[in-house]
Amino acid sequence: QVQLVESGGGLVQAGGSLRLSCATSGNIFSRSTMGWYRQALGKQRELVATITRAGNTNYADSMKERFTISRDNTKNTVYLQMNSLKPEDTAVYYCNAAYVFGTVYWGQGTQVTVSS
């Protein structure tokens, strides 16, 4: 059974912070590049950030200065620290695992709402 379980979403005011977590099945986590994606109402799903097994990171340009992705390989968990949140960050945020053999796994998502 493969599971990716997101937590940490919620409602915050503009300028506030949230930390998202995604706990992942260990056999998948240890062999995957992990990522965060988001999908706003009426828009396509887009990349937020990724992190490889070795800790190399990649960010969407609009998020690099405000968001930080990290992973704890002892806990099989990936995190997304979000600072200086804006109303346009409102979206469902999804955890993603890109398995070394090509399979892609998705969590169910967690809602982030930023009020102005």
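Structure shown above.
Every chain begins its residue count from 1, and numbering advances along the sequence as written. Totals for whole chains, interfaces and linings use every residue, but because this is a predicted model, local features are given only for residues with pLDDT of at least 70 and side-chain atom pairs only at 80 or more, for both listing and counting. Think of the side-chain values as coming from all heavy atoms in the structure, minus any hydrogens and water.

A. Spatial organisation of the overall build of the protein. Helix and strand counts for the protein come out as one helix and eleven strands. Going along the chain from the N terminus, every DSSP run of H or I of four or more residues is numbered as a helix, and every run of E of two or more is numbered as a strand. Element order for the protein, N to C, with α for helix and β for strand: β-β-β-α-β-β-β-β-β-β-β-β. For a compact globule of 116 residues, the expected C-alpha radius of gyration is about 13 Å, and the protein comes in at 13 Å, within 12% of that figure. By its C-alpha atoms, the protein is 40 × 25 × 25 Å across when sized along the principal axes. When each of the 116 residues of the protein is scored for burial, the buried share is 39%. Summarising the internal contacts of the protein: among those between residues at least 6 apart in sequence, 52% fall at separations of at least 24. Areas reported as accessible are Shrake-Rupley estimates using a 1.4 Å probe. Residue values count occlusion only from the protein chains shown. For the protein, the computed accessible surface area is about 6400 Å², with 44% contributed by carbon and sulfur atoms. If you average the places of the 11 positive and of the 7 negative side-chain charges in the protein, the two averages end up 6 Å apart. In this setup the radius of gyration rests on C-alpha atoms only. A globule is expected at 2.2 Å times the number of residues raised to 0.38. Exposure categories follow from relative accessible area, calculated using a 1.4 Å probe and restricted to protein chains: below 20% of the type maximum is buried, above 50% is exposed, and the middle band is partly exposed. Residue contacts are counted whenever heavy atoms from the two residues lie within 4.5 Å of one another. The charge count treats Lys and Arg as positive and Asp and Glu as negative. His and the chain ends do not count. Charge placement uses NZ in Lys and CZ in Arg. For Asp and Glu, CG and CD serve respectively.

B. Spatial organisation of the pattern of salt bridges. Salt bridge, as applied in this entry: a Lys or Arg side-chain nitrogen positioned within 4 Å of an Asp or Glu carboxyl oxygen. Counting across every chain of the model gives three salt bridges. Note that Asp89 and Arg38 form a salt bridge whose closest N and O atoms lie 2.9 Å from each other. Here the residue Asp89 occupies a position in the loop between strand E8 (77-82) and strand E9 (91-99), and Arg38 occupies one in strand E4 (residues 32-39), the gap between them amounting to 51 residues. Arg38 shares its class with Asp89; the two are buried.

These results come straight from atomic positions and should not be treated as a statement about function.
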